[in-house]
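Here's the letter readout for the chains.
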Amino acid sequence: MTVATTCPYCGVGCGVLARANADGSVHVEGDTQHHANHGRLCVKGSALGETVDLRGRLLHPMLRASDGTLRRASWDDALDRVAEGFRRVIDQHGPDAVAFYVSGQLLTEDYYVVNKLAKGYIGTANIDTNSRLCMSSAVAGHKRAFGEDVVPGCYEDLEQAELIVLVGSNTAWCHPIVYQRIAKAKESGAPPRIVVIDPRHTATCESADLHLPVKPGTDVWLFNGLLAFLFQHGAMDARFVEAHTEGFAQALAAAQADAGDPAEVARICGVQLTDLLNFYRLFARCERTVTLFSQGVNQSSSGTDKVNSIINCHLLTGRIGKPGMGPFSLTGQPNAMGGREVGGLANMLAAHMELENPVHRQIVQTFWQSPRIAERAGLKAVDLFDAIGEGKVKALWIMATNPVVSLPDADRVKRALAGCEWVVSSDIVAQTDTNAYAHALLPALGWGEKDGTVTNSERRISRQRTFLPAPEEARADWRIVCDVAQRMGFAEGFQFDDVHAVFAEHARLTTYRNHEVQGNDALAARRLLNLEGLANLDRSAYDELRPVQWPVVANGEGATRLFANGGFSRANGRARFVTTPARMPVHATDREYPLVLNTGRVRDQWHTMTRTGKAPRLTGHIPEPFVDMHPHDALRCGVREGELARVQSRWGGMVARVKHSGGMRAGNVFVPIHWNDQFASDARVGSLVNPVVDPVSGEPEFKHTPVSVEPFPVR
Ligand code: SF4
């Protein structure tokens, strides 16, 4: 039987039609009815059928014996041990001595129950997610500007835009179907102009009318300069600014002070003045402008300010909430957005409520009928692993992620896990760099086996549906969490019959919040995350659910664009211009580490390659880790293209093959994030990355670590 499901990789959230064949193979094709992709799939999505076999799968619960070996255990034993481990630490050290580190790979229902367990029952907000690493600066920027974490637009805006600005995003490789939509629009009778802002000349530049290869970390100067230019050249929508915003004068004054002179901005950003002015003039002229941004903006010690400097330019011109315009954050993972909806970040509660707002806490606790509710924000990802290393957090449950590879200063993460009293990992894969440190391994269901919902970058909720049998003893993540919760003594809140019951409770909470919030908390009353139209779905309606964008009102209809009437989620209904003083990345290059390391994805791999690494046609694209560098830098470092080199920072080192793509600025190198000790030795770029984070969002600075490159082995 063919089922309509959703791709488990990037945040584009493409619809997939999937079928298990009698010979054991799996057929996939794009779903023509899904609004995200209209039948298209990129190479990763097309190869999904080649990645679902059971090679390398974790199929049974495993417990580590006193001699250090992992032994198969029954589910009852494993669940008892996991529950006992957490209970023991809580009893001895309190609820904040335990933590959860979860993932944008989880389905919304999984995310909901684990947040409920941590925040409402154990009473700790020490639950964070690997989505912290890719989009938390966008979340913080949205909240500061709009009062709520809301992406205002939709993919169709790309086809209606006159100008598309792509900032810090190799869209062609990292969000390929969005890029294909842009490329198709470029072939239409009214093609949009395309500007790419990125230190690297990537595949995305192939469609660009203009590429601004900015120096890493200078985006705020660029957009502050744009704000000043737009004001000076009469592009301001004064009526919109007056009626629907606040904070304009302060933000403008700060932008003019930093970046009032375009020649100085061009110098700081390292771009040609004529190119900079061409961009500024295009932006001023084109009413229908979409600014897409991604990790190059978010993964920075000034990531939140970068996001707000972009949003400020859209607020100044009133270009938001209407067809073909708006700031647009592309999320990295398939369900980063769904996780945000259920409070997947350490500073959030479910239904877009704030953990540090007592009214919000009371609403959630009353709805859950939970014994307690965490009262202060928990530790964000990097701080959480630091707290483990310092012995403050003594028990950790990792779900569907591989932090020993993906976090910055990854060797420190390794040491922290090695010293942690109780580490549990639920995963589909048996051997990962992280699982090597787990005391208990719990086998989870993978794509095609599990059932639930995800939300993509344009707020569209889609179903992931089952079309493969559960292998051996693997179980759904939400079920595993409920089983552990009940063994910890929390019977009442975790008696869900099926995944539909979890979703229904999540949807009902948004409705309950709307009814409970009184006029003294107008901020919450205006929340746009509203699933009222989905709160009473029965099981068969849930099974049949077609992709829909939230808010979903009572008749089940979704909303394509938000803020059309100029009303925002803040208490006074106004969007806020945020003052964004420009600053350079925290660690500068020096004689010892003269190059700037930038990290990111390649076209055909996903995260730490536990799935895409299985498909030969994907591994054939780029078979090994590389360091892409400018030929002049290579000459200075004494390395040649095709040779191995050691890339070293103050925090760690790795080995990679030297490559000249022709796209690097002098002084910059690029290394992909995917490879790890399961595929090649000494290949985790995370071990080099500085553990600096944005002070507002906690997102790490993956795009700017000073490094050196030298021949390997050293000659
Ligand atoms: Fe999957 Fe993203 Fe490719 Fe779509 S663009 S098929 S969601 S990886």
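Computed from a predicted model, the values in this text were never measured in an experiment. (Residues numbered from 1 in each chain as written. Predicted model: local features only at pLDDT ≥ 70, side-chain atom pairs only at ≥ 80, totals over all residues.)

Visitor: How should I be thinking about the nonpolar core in this particular structure?
Guide: Across soluble globular proteins, you tend to see nonpolar side chains buried next to one another. If you look at the biggest cluster of nonpolar residues, it comprises 198 residues, and the most contacted ones within it are Val114, Ile164 and Leu396. For this core, the element with the highest residue contribution is helix α8 (residues 219-232), accounting for 9 residues. Every residue in contact with Leu396, bar those within four places of it in the chain, is listed here: Ala99, Tyr101, Ile388, Cys420 and Val423. Core analysis: the second largest hydrophobic core is formed by 28 residues, Phe626, Cys637, Ala645 and Ile673 among them. (Core = buried A, V, L, I, M, F, W, Y, C linked by C-beta atoms within 7 Å. Buried ≥ 20, exposed ≤ 12 C-beta atoms within 10 Å, placed from the backbone. Helix = DSSP H or I, 4+ residues; strand = E, 2+ residues; numbered from the N terminus. Contact = placed C-beta atoms within 7 Å.)

Visitor: Just checking my understanding: could you explain the packing of helix α11 (residues 262-269) against helix α12 (residues 273-285) for this structure?
Guide: When two helices pack together, their arrangement is given by the angle between the helix axes and the distance between those axes. Relative to each other, α11 and α12 sit at 115 degrees, their axes nearing to 9 Å. It follows from the interaxial angle that α11 and α12 lie roughly perpendicular. Between α11 and α12 lies a crossing of right-handed hand. Between α11 and α12, the residues in contact are Pro262, Ala263, Val265 and Ala266 and Leu273, Leu276, Leu277 and Tyr280, respectively. (Axes fitted to C-alpha atoms, helices over the stretch in contact; angles between N-to-C directions. Parallel < 35°, antiparallel > 145°, perpendicular 65-115°, else oblique. Left-handed = near helix turned anticlockwise from the far one by under 90°.)

Visitor: Sorry, what's going on with the site of the ligand here?
Guide: With respect to spatial proximity, 14 residues lie near the ligand, and among them Cys7, Cys10, Cys14, Cys42 and Gly45 are the closest. Residue assignment for the shell around the ligand shows that the elements contributing at least two residues are α1 (43-46) and α7 (176-186). When grouped by side-chain class, the residues that make up the shell around the ligand number 9 nonpolar, 4 polar and 1 charged. In this structure, the shell around the ligand is formed jointly by two domains, domain 1 (3-50) and domain 3 (138-329), each of which donates at least three residues. (Near = placed C-beta within 6 Å. Nonpolar A, V, L, I, M, F, W, Y, C, P; charged D, E, K, R; others polar. Domains from an automatic or database assignment.)

Visitor: For this particular structure, what's the right way to read the sheet that holds strand β28 (residues 705-711)?
Guide: Each strand in a sheet pairs with its neighbour through backbone hydrogen bonds, running either in the same direction (parallel) or in the opposite one (antiparallel). A barrel is described by the order of its strands in space; here 6 strands give the closed sequence β23-β27-β24-β26-β25-β28, paired in mixed fashion. Going across the sheet, the axis of each strand differs from the next one's by a mean of 45 degrees, ignoring polarity. Relative to strand β27 (residues 668-672), strand β24 (residues 626-629) runs antiparallel, the two sharing 2 bridges. Across the sheet, Asp628 pairs through a bridge with Phe670, a residue of β27. (Pairing = 2+ DSSP bridges.)

Visitor: Help me understand the UniProt feature "domain: 4Fe-4S Mo/W bis-MGD-type" (unreviewed entry) in the chain in this model?
Guide: Those places that UniProt annotates as "domain: 4Fe-4S Mo/W bis-MGD-type" (unreviewed entry) correspond, in this numbering, to residues 1-56. Between the end C-alpha atoms of residues 1-56 the distance is 26 Å, and the span holds 7% helix and 27% strand. (UniProt positions renumbered as here; feature names shortened; annotations may be inferred.)

Visitor: What should I look at first to understand the domain arrangement of the chain in this one?
Guide: Interfaces are often sized by the amount of accessible area the parts lose when they come together. Along its sequence, the chain is organised into domain 1 (3-50), domain 2 (62-134 + 336-502), domain 3 (138-329) and domain 4 (595-711). The C-alpha-based centres of domain 2 and domain 3 are spaced at 36 Å. Contact with domain 2, which involves 7 residues of that partner, is made by 9 residues of domain 3.

Visitor: I tried to follow the packing of helix α17 (residues 381-389) against helix α19 (residues 410-418) on my own but got confused; where do I start?
Guide: Between α17 and α19, the shortest axis-to-axis distance is 8 Å and the interhelical angle comes to 45 degrees. With respect to their mutual orientation, α17 and α19 come out oblique. Seen along the crossing, α17 lies across α19 with a hand that is left-handed. Of the residues in α19, those touching α17 at Phe385, Ile388 and Gly389 are Arg412, Val413, Arg415, Ala416 and Leu417. In terms of residue class, the contact of α17 with α19 is built from 5 nonpolar, 1 polar and 2 charged.

Visitor: What should I look at first to understand unusual backbone geometry in this one?
Guide: The bulk of non-glycine residues show a negative phi, and the bulk of peptide bonds are trans. Here the bond from Trp550 into Pro551 is cis, since omega is 5 degrees, no more than 30 degrees from zero. Of note, Pro551 is situated in the loop between β21 (548-549) and β22 (575-576). For the bond from Phe712 to Pro713, the omega torsion is -10 degrees, close enough to zero to count as cis. As for its placement among the helices and strands, Pro713 is situated in the segment after β28. Positioned with a positive phi, His607 is a non-glycine residue whose angle comes to about 45 degrees. Position of His607 among the secondary structure elements: in the loop between β23 (595-600) and α24 (616-619).

Visitor: Quick question: what am I supposed to make of the environment of Asn130 here?
Guide: Within the secondary structure, Asn130 is located in the loop between β7 (127-129) and α4 (136-146). Along the backbone, Asn130 and Ala400 are 270 residues apart, and their C-alpha atoms lie at a distance of 9.4 Å. When residues no more than four places from it in sequence are discounted, the contact partners of Asn130 are Ser103, Gly104, Thr401 and Ser406.

Visitor: For this particular structure, what's the right way to read the pairing of β27?
Guide: For a regular strand, side-chain orientation follows a simple rule: the groups alternate between the two sheet faces. Of all 5 residues making up β27, 5 are buried, and the element is well covered by its neighbours. What you see with β27 is no split at all: Asn668, Phe670 and Pro672 on one side and Val669 and Val671 on the other are buried throughout. As defined by bridge partners, β23 adjoins β27 across 5 bridges and the pair is classed as parallel. When the bridges of β27 are listed, Thr599 appears paired with Val671.

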